[in-house]
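# Coordinates in review
Below, each chain spelled out in residue letters.
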Amino acid sequence: MRELTVDAVVESLDAVTDFVDEGLEELDCPMKVMMQINVAVDELFSNIARYAYPDGAGKATVQIDALQDSREAVITFIDQGIPYDPLKKEDPDVTLSANEREVGGLGIFLVKKIMDDMKYEYKDGQNILKIFKKL
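Moving on: the confidence of the model for the protein chain. Confidence along the protein chain averages 91 in pLDDT terms, with 89% of residues attaining 70 or more. Per-residue pLDDT, averaged within each element of the protein chain, yields its smallest value for helix α3 (residues 106-114) (89) and its largest for strand β5 (residues 126-134) (98).

What follows is the structure, encoded as structure tokens:
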């Protein structure tokens, strides 16, 4: 498993993306899958950077690992910000026009659609969000 801890600010996104890409390259991840994971990483890390620490900056840890038996990448996001389970947010009604829909929520909805699985837990004062994608 590889791990990176950075300041939970939008300016850290490039470092996080590079870190995840390096890990995926080591796993011989196909380019299409890498691009899908990059969309998810961008959305999830950006949300941590923008919303996890309303009183100021904190840290975020990103881990990348592989489940060898299923040839699946697992990327874990950990922060000590306010507890928030993005999987409990109701999916937006995409049958409505953009003008009729509530603002927000499309990013997490997209991540749910392109990843094979997602799991969230709040444990020991930390948000722990895992995304899974078959390689």
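In terms of strand pairing, strand β1 (residues 2-7) meets strand β2 (residues 59-67) through six bridges, oriented antiparallel. Note that in β2 the partner of L4 across the bridge is V62. Here eight bridges tie β2 to strand β3 (residues 72-79), and the two strands are oriented antiparallel to one another. Bridge assignment links L67 to a residue of β3, and that residue is E72. If you look at the hairpin formed by β2 and β3, you'll find four residues sitting between the two strands, and R71 has a positive phi there, around 45 degrees.

The next thing to look at is the environment of D85. Counting through the fold element by element, D85 comes out in the loop between β3 and α3. Note on D85: relative accessible area 19%, which makes it buried. Considered as a pair, D85 and N127 are 42 residues apart in the sequence and their alpha carbons are 7.8 Å apart. Reaching out from D85, the side chain makes a polar contact with the backbone nitrogen of L87 at a distance of 2.9 Å.

Another point: the environment of Y122. Within the secondary structure layout, Y122 lies in strand β4 (residues 117-123). A sequence separation of 37 residues divides Y122 from D85, and the C-alpha atoms of the two residues are 8.1 Å apart. In this structure, Y122 is in contact with G81, P83 and N127, ignoring residues within four places of it in sequence.

What follows covers the pattern of salt bridges. Counting across every chain of the model gives four salt bridges. Across the pair K59 and D7 runs a salt bridge, and its minimum N-O distance is 2.7 Å. Residue K59 is found in strand β2, and its partner D7 is found in strand β1; the two are separated by 52 residues along the sequence. Looking at D7, the relative accessible area reads 38%, which means it is partly exposed. Taking the shortest distance from any N to any O, the salt bridge between D117 and K119 comes out at 3.7 Å. For K119, a relative accessible area of 47% gives the class partly exposed. Taken together, the salt bridges that share partners define one network made up of R2, E22 and E26.

Procedures and definitions
- Residues numbered from 1 in each chain as written.
- Predicted model: local features only at pLDDT ≥ 70, side-chain atom pairs only at ≥ 80, totals over all residues.
- Heavy atoms only, no water.
- pLDDT = per-residue confidence, 0-100.
- Helix = DSSP H or I, 4+ residues; strand = E, 2+ residues; numbered from the N terminus.
- Pairing = 2+ DSSP bridges.
- Buried < 20%, exposed > 50% of the residue type's maximum accessible area, 1.4 Å probe, protein only.
- Polar contact = N/O pair within 3.5 Å; in protein donor to acceptor, adjacent residues only side chain to side chain.
- Contact = heavy atoms within 4.5 Å.
- Salt bridge = Lys/Arg side-chain N within 4 Å of Asp/Glu carboxyl O.

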